[in-house]
Amino acid sequence: MKEENAEGHRRPKKGGDSREHWWALDAGDVMARLESSLGGLTPEEAVARLERFGPNRLPPPPRKGPIIRFLLHFHNLLIYVLLVSAVVTFLLGDWFDALVILGVTIINALIGFIQEGKAEKAVDAIRNILTQEATVLRGGKRQIVPAEDLVPGDVVLLISGDKVPADLRLLKTRDLRIEEAALTGESVTAEKRTDPVAPKAPLGDRYGMAYSGTLVVYGQATGIVTSTGETTELGKVNALLSGVQTLTTRLTEQINEFSQWLTVAILVLAVATLVFGLVVRDYSFGAIFLASVALAVAAIPEGLPAIITITLALGMQRMARRSAIIRRLPAVETLGSVTVICTDKTGTLTRNEMTVTTVITREGTYAVEGVGYEPRGDFNLDGRKIVPDEDPLLTDMARAALLCNEGVLRPAEEGGWETQGDPTDIALLTLAGKAGLDFNRTGREYPRLDVIPFESDHKFMATLNSVPKGAGVVYLKGAPERVLERCDRQAAAGSDLPLDIPFWREKIEEIARRGERTLALARLSFDERKELSFEDVQGGLTLLGFLGIIDPPREEASASVAQCRDAGIRVKMITGDHALTAAAIGERMGLGGPEPVTGEELSEAEEGDIRLLVQRSDIFARVSPEHKLRLVQALQSNGEVVAMTGDGVNDAPALKRADVGIAMGLKGTEAAKEAAEMVLADDNFATIAHAVEEGRAVYDNVKKALAFVLPTNGALAGIVITGVLAGEALPITALQILWINMVSAVTLGLALAFEPPESEVMRRPPRDPQEALLTPFMIWRIGFTSLIMVIGTFGLFLWDTIHGAPLEIARTTAVNTLIFFQIFYLLNARYMKASVLNLKGITGNRYVLGSIALILILQVLFTYVPIMQRLFGTAAIPAEEWLRLIAFTFSIFILVELEKLLFRIWERRRRMGEALRH
């Protein structure tokens, strides 16, 4: 309920009442409700309201301290398992390995702390958008005050270049145009006026409002503050962002699930071994307890978190080289599982540079080549290249576009083109440059004598220019309907003709169907007067033609969308722009589906309806920040893994909520960058496809690392259990188990992190988001290879003990046998299902060969260096033992390649059977 004062006026709530439809009220009602006047508030009233409403700034969110945030990175079951293993190792007397394990956990937490601890900066970035100062009227006097001191009822003055300091209801405007792309997503500046609009008008159509954080690009205005701080539209975005929960990645969830499963399995096996040894084998408690501890140490993959972290980090580095900057490490893997990319239009699929693509005269429709603000491009008429100098009517249109213009386009010192002014004016200058007009020379030959500036009330601009060999000429540009009503002739080759209204109305509809903005150009011969009035341009003009203007798609974006489609990824365009424009860009990008869904439809839809809409349509127009967030949530409710691209403040909540938020690095706001997991350094949609490819490769490498590391732990646990069941001495001690786990993980296992993407990685659909980390095939592979290693290692251990070898030599042979099993299996593990029996399969990853060389050196030291023998209880083994164990362990390479072959044959027959059934 709103408070009422003595006069019965409703008092706005703290910060102003954003629920009030200020845009639907006329200026007098707004001032009455805010108890203000054109002269502004009195200084005393401003102070009182500041006390009541609070400062015009966004509230900071609650924060966790750095120590708590760091410690939270240890709140993970696998980390707990590692810490327990460190304690166990310490109790076994091996300080070095205990420190190594502890170091792994600390490094893992530090990486997470650094990479993920910046999420709260998203809100800070939005808060810093507010201007520092504002020009206000207080007590009828103009003064400059800090923007945070503004209160509802303050009268604010705006001029070109200002950032709007609060939400304002406009009272007076003069040629006011405001850049609202960061809030609405529209690429065209908004033309503002003071008349009310419908209460349900979407944000981009509230012409009588100026919103906090937007930029005045042209004109001036007076407005009254309606909302400040958290109640502004910018504040609503901030509140959305603060309340959005960042999702954990699927890999994180799967690692947690795996950790829980592994912990339970280790405990069950250790307890069962302890009970079996005491009850069945009559071991002493001390001996069987050490065996149980050895089993637990064997089953814990100490090096696995480090391998996963390094695999993700290497993927992040590869992406950075391709202009995709990853801010949060797990997002590397999540990219590989993306099923839907929700992309903004302006600046993402399009260049955010307005371009004239169509010129229509009575002689024909010209297609204009070239995009962006570089004034180079050809004109084509009916498939024929046209030379503008040989087409007087086309040249006259280009001259009108150049002279009836307030923009600036000039070469930049560092290359490219420097622009100043409204994007539409820049597009017209670019057209003139393509037509071969020299800006400076044309300006000197046709100097401007007077101008009628563009205003939203009359929707046209006119200039009076001298003519080299005549009196003068008026050039007029504006909305087609406003220009047509002032024309009675149309320009044509030879001489002017009577105006053909039906022809031009048909052309307006034709341009609109293509999603292009239509601009009309006209001229009027004039006498030698030096002044121009509205009465002079009320009629009698000659229509030159129409221009079709659009923010063009990026050339590479269409190919990227097609590549994503081939990879089974749906692309959905979510924009604040008009439905016709969105549909036209969507058609050019190859986005299918029915008519675009509008923000108005989304506002009226229930959650279940939105879930159906996101399945049906790929184009959403005139959407607000809340709509974007609801669309992302609806897709996630449908089981999709969502990447959301954006560059504006309005995109930040959806970026934060998405599984992968992707911000534009060049034109994106700081709020968008801080909310996102990934930033595109080149603002290129094509970079997303490269990042998805790398993400899929990273996930493949994580699974390869699991398929390589877990058989070693399975084999070690199996060897310990087999030794206890057989009543033999342990073939490998707990310290030797730690050696195998850590040394093989940081050498052999790590080499798989450097695997390049496999050839078919972007020709397969995204993996099922619900797919388990350990698929049935993975479980089979791990069990199959573990069994080979257990049989081989325990077999050679028994061989040595039966033939009288000392226990130290038998154990040293067992350790080296397991290591060589890993060496040969590492070559198999490079491809999960494809054969490695080719040159690329054996030598395609130099890190694999380097890691093999390194571990061979380490094993020689482990076996023959006296200090290592004393530490790990090893002994030198004779040369013939090496020959026997190498020949024996090579069997795993042959068996796994044979298993792959049989699997490929089975899979090929299965596909053929399915094809025949269909």
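Predicted, not measured: the structure shown is a model, and the values here were computed from it.

Observations concerning the overall build of the protein
Phase 1 of the analysis: Along the protein, the regular secondary structure elements total 34 helices and 30 strands.
Phase 2 of the analysis: For the protein, with 918 residues in total, the buried portion stands at 57%.
Phase 3 of the analysis: Counted over contacts in the protein with a minimum sequence separation of 6, partners at least 24 positions apart contribute 72%.
Phase 4 of the analysis: Summed over all atoms, the accessible surface of the protein reaches about 38,100 Å², with 58% contributed by carbon and sulfur.

Some thoughts on the packing of aromatic side chains
Phase 1 of the analysis: This structure, assessed with the given rule, holds 15 aromatic pairs.
Phase 2 of the analysis: For the pair Phe-503 and Trp-504, a centre-to-centre distance of 4.9 Å together with 85° between the ring planes defines the contact as edge-to-face.
Phase 3 of the analysis: Relative accessible area serves as the criterion here: at 0%, Trp-504 is assigned to the buried category.
Phase 4 of the analysis: Every member of this aromatic cluster is reached through a ring pair, and the members are Phe-503, Trp-504 and Phe-546.
Phase 5 of the analysis: One Lys or Arg, Arg-206, reaches over the ring of Trp-23 and ends 3.8 Å from the middle of that ring.
Phase 6 of the analysis: We note Lys-833 situated over the ring of Phe-777; from NZ or CZ to the ring centre the distance is 5.2 Å.

Things to note about the layout of surface pockets
Phase 1 of the analysis: In this structure, the second largest pocket encloses a volume near 1,000 Å³.
Phase 2 of the analysis: Around the second largest pocket sit 40 residues that line it, and Val-188, Glu-191, Lys-459, Arg-517 and His-578 are the ones nearest its centre.
Phase 3 of the analysis: For the lining of the second largest pocket, the secondary structure elements donating two or more residues are β7 (190-191), α15 (423-434), β20 (472-478), α17 (480-484), α18 (501-513), β23 (517-526), β24 (541-550) and α20 (579-589).
Phase 4 of the analysis: If one sorts the elements of the lining of the second largest pocket by residue count, β23 sits on top with three residues.
Phase 5 of the analysis: Counted by class, the lining of the second largest pocket contains 13 nonpolar, ten polar and 17 charged residues.

Digging into the environment of Arg-410
Phase 1 of the analysis: Tracing the backbone shows Arg-410 in strand β16 (residues 408-411).
Phase 2 of the analysis: Look at Arg-410 and you get partly exposed, because its relative accessible area is 36%.
Phase 3 of the analysis: In this structure the C-alpha to C-alpha distance between Arg-410 and Tyr-373, which are 37 residues apart in sequence, comes to 9.8 Å.
Phase 4 of the analysis: When sequence neighbours within four positions are dropped, the list of residues in contact with Arg-410 reads Trp-417, Glu-418 and Gln-420.

Some details on the pairing of strand β4 (residues 141-146)
Phase 1 of the analysis: Two strands pair when backbone bridges link them, and strand β3 (residues 133-138) and β4 are joined in this way by six bridges, in the antiparallel orientation. Opposite Arg-138, over in β4, you have Lys-141 as the bridge partner.
Phase 2 of the analysis: What sits between β3 and β4 in their antiparallel hairpin is a turn of two residues, with Gly-139 showing a positive phi close to 65°.

Focus: the pattern of salt bridges
Phase 1 of the analysis: Inspection of the entire model under this criterion finds 42 salt bridges.
Phase 2 of the analysis: As a salt-bridge pair, Lys-385 and Asp-378 come within 3.7 Å of each other at their nearest N and O atoms.
Phase 3 of the analysis: Between Arg-910 and Glu-907 there is a salt bridge whose closest N-O contact spans 3.9 Å. Of this pair, Arg-910 and Glu-907 both sit in helix α34 (residues 891-917), three residues apart, roughly one helical turn.

Notes on helix α28 (residues 776-802)
Count 3.6 residues to each turn of an α-helix, and residues three or four apart come out pointing the same way.
Phase 1 of the analysis: Relative to the 39 Å expected for 27 residues at 1.5 Å per residue, α28 spans 38 Å between its end C-alpha atoms, a close match to the ideal helical length.
Phase 2 of the analysis: Trailing α28 by a residue or two, Gly-804 shows a phi angle of about 85°, which is positive.

Remarks on a nonpolar patch on the surface
Phase 1 of the analysis: Side chains of Val-271, Val-275, Leu-278, Val-279, Val-280, Phe-285 and Phe-289 sit close together on the surface and give an oily, nonpolar patch of about 650 Å² of accessible area.
Phase 2 of the analysis: Counting residues per element, the ones that place at least two in the nonpolar patch are α9 (250-279) and α10 (285-299).

Here we look at unusual backbone geometry
For residues that are not glycine, phi is negative in most cases, and the peptide bond is trans in most cases.
Phase 1 of the analysis: Despite not being glycine, Asp-175 has its phi angle at roughly 55°, a positive value.
Phase 2 of the analysis: Mapped onto the fold, Asp-175 is located in strand β6 (residues 167-179).
Phase 3 of the analysis: Exposure remark for Asp-175: the relative accessible area of 8% places this residue in the buried category.
Phase 4 of the analysis: Of note, Lys-459 is a non-glycine position whose phi angle comes to about 55°, a positive value.
Phase 5 of the analysis: One can find Lys-459 in the loop between β18 (448-452) and β19 (460-465).
Phase 6 of the analysis: On the basis of relative accessibility, which here comes to 24%, the residue Lys-459 falls in the partly exposed class.

Thoughts on the nonpolar core
Phase 1 of the analysis: Judged by nonpolar contacts, the single largest core of 121 residues is most densely connected at Leu-335 and Ile-732.
Phase 2 of the analysis: No other element matches helix α26 (residues 685-726), which puts 20 residues into this core.
Phase 3 of the analysis: Sequence-distant contacts of Leu-335, that is, excluding residues within four places in its chain, are made with Met-319, Ile-326, Val-660, Ile-662, Met-678, Ala-691, Val-692 and Gly-695.
Phase 4 of the analysis: Val-356, Val-359, Phe-454 and Ala-491 belong to the second-largest nonpolar core, a separate cluster that totals 39 residues.

Some details on the sheet that holds strand β25 (residues 570-574)
Phase 1 of the analysis: Strands sit in the order β10-β30-β29-β28-β11-β25-β27-β26 across an open sheet of eight strands; the sheet is mixed. Here the strands that pair on one side only, and so sit at the sheet edges, are β10 (324-326) and β26 (597-598).
Phase 2 of the analysis: Here three bridges tie β10 to strand β30 (residues 678-680), and the two strands are oriented antiparallel to one another. Looking at β30, one finds that Ile-325 is bridged to Val-679.
Phase 3 of the analysis: Lying over the sheet, α20 contacts β25, β26 and β27 (619-621), oriented at roughly 155° with respect to β27.

Regarding the side chain of Glu-755
Phase 1 of the analysis: Examined against the element boundaries, Glu-755 turns out to sit in the loop between α27 (734-751) and α28.
Phase 2 of the analysis: Polar contacts involving the side chain of Glu-755 include one to the side chain of Arg-830, which spans 2.6 Å.
Phase 3 of the analysis: A distance of 2.7 Å separates the side chain of Glu-755 from the side chain of Asn-845, its partner in a polar contact.
Phase 4 of the analysis: Excluding its chain neighbours within four sequence positions, the residues that come into contact with Glu-755 are Arg-318, Asn-701, Lys-704, Arg-830, Asn-845 and Val-848.

Here's the deal with the environment of Ala-239
Phase 1 of the analysis: For Ala-239, the position within the fold is in helix α8 (residues 233-243).
Phase 2 of the analysis: Residues Ala-239 and Pro-59 lie 180 residues apart in sequence; the distance between their C-alpha atoms is 9.1 Å.

Things to note about the environment of Thr-231
Phase 1 of the analysis: Mapping Thr-231 onto the fold places it in the loop between β9 (215-227) and α8.
Phase 2 of the analysis: Spatially, the C-alpha atom of Thr-231 lies 8.9 Å from that of Leu-58, the residues being 173 residues apart in sequence.
Phase 3 of the analysis: A distance of 2.8 Å separates the side chain of Thr-231 from the backbone oxygen of Thr-228, its partner in a polar contact.

What to know about the confidence of the model for the protein
Phase 1 of the analysis: When pLDDT is averaged across the protein, the result is 84; 88% of the residues are at 70 or more.
Phase 2 of the analysis: For residues 115-120, every residue scores under 50 in pLDDT, and the model assigns this stretch 18 contacts once sequence neighbours within four places are set aside.
Phase 3 of the analysis: Low pLDDT (under 50) marks residues 122-131, which in the prediction has 38 contacts with non-local residues, meaning those over four places away or in another chain.

Considering helix α23 (residues 625-637)
Phase 1 of the analysis: A rise of 1.5 Å per residue sets the reference length of α23, with its 13 residues, at 18 Å; its end C-alpha atoms lie 18 Å apart and thus fit the reference within 8%.
Phase 2 of the analysis: Within α23, ten of the 13 residues are buried, which leaves it mostly tucked inside the rest of the structure.
Phase 3 of the analysis: Buried within α23 are the following residues: Pro-625, His-627, Lys-628, Leu-629, Arg-630, Leu-631, Val-632, Ala-634, Leu-635 and Gln-636.
Phase 4 of the analysis: The first or second residue beyond α23 is Gly-639, which carries a positive phi of 90°.

Each value, and the rule that gives it
- Residues numbered from 1 in each chain as written.
- Predicted model: local features only at pLDDT ≥ 70, side-chain atom pairs only at ≥ 80, totals over all residues.
- Heavy atoms only, no water.
- Helix = DSSP H or I, 4+ residues; strand = E, 2+ residues; numbered from the N terminus.
- Buried < 20%, exposed > 50% of the residue type's maximum accessible area, 1.4 Å probe, protein only.
- Contact = heavy atoms within 4.5 Å.
- Areas by Shrake-Rupley, 256 points an atom, 1.4 Å probe, with all protein chains shown as cover.
- Phe/Tyr/Trp six-rings, centres within 6.5 Å; stacked < 30°, edge-to-face > 60°.
- Lys NZ or Arg CZ within 6 Å of the ring centre and 35° of its normal.
- 1 Å grid on protein atoms, 1.4 Å probe; cavity = no way out; pocket = protein on both sides within 12 Å on 5 of 7 lines; lining within 4 Å.
- Points joined across faces, edges and corners; volume = space filled by probe spheres on them.
- Nonpolar A, V, L, I, M, F, W, Y, C, P; charged D, E, K, R; others polar.
- Pairing = 2+ DSSP bridges.
- Salt bridge = Lys/Arg side-chain N within 4 Å of Asp/Glu carboxyl O.
- Expected span 1.5 Å × (residues − 1).
- Patch = residues over 30% accessible without salt bridge, like charges linked within 9 Å, V, L, I, M, F, W, Y side chains within 5 Å.
- Core = buried A, V, L, I, M, F, W, Y, C linked by side-chain atoms within 4.5 Å.
- Axes fitted to C-alpha atoms, helices over the stretch in contact; angles between N-to-C directions.
- Polar contact = N/O pair within 3.5 Å; in protein donor to acceptor, adjacent residues only side chain to side chain.
- pLDDT = per-residue confidence, 0-100.

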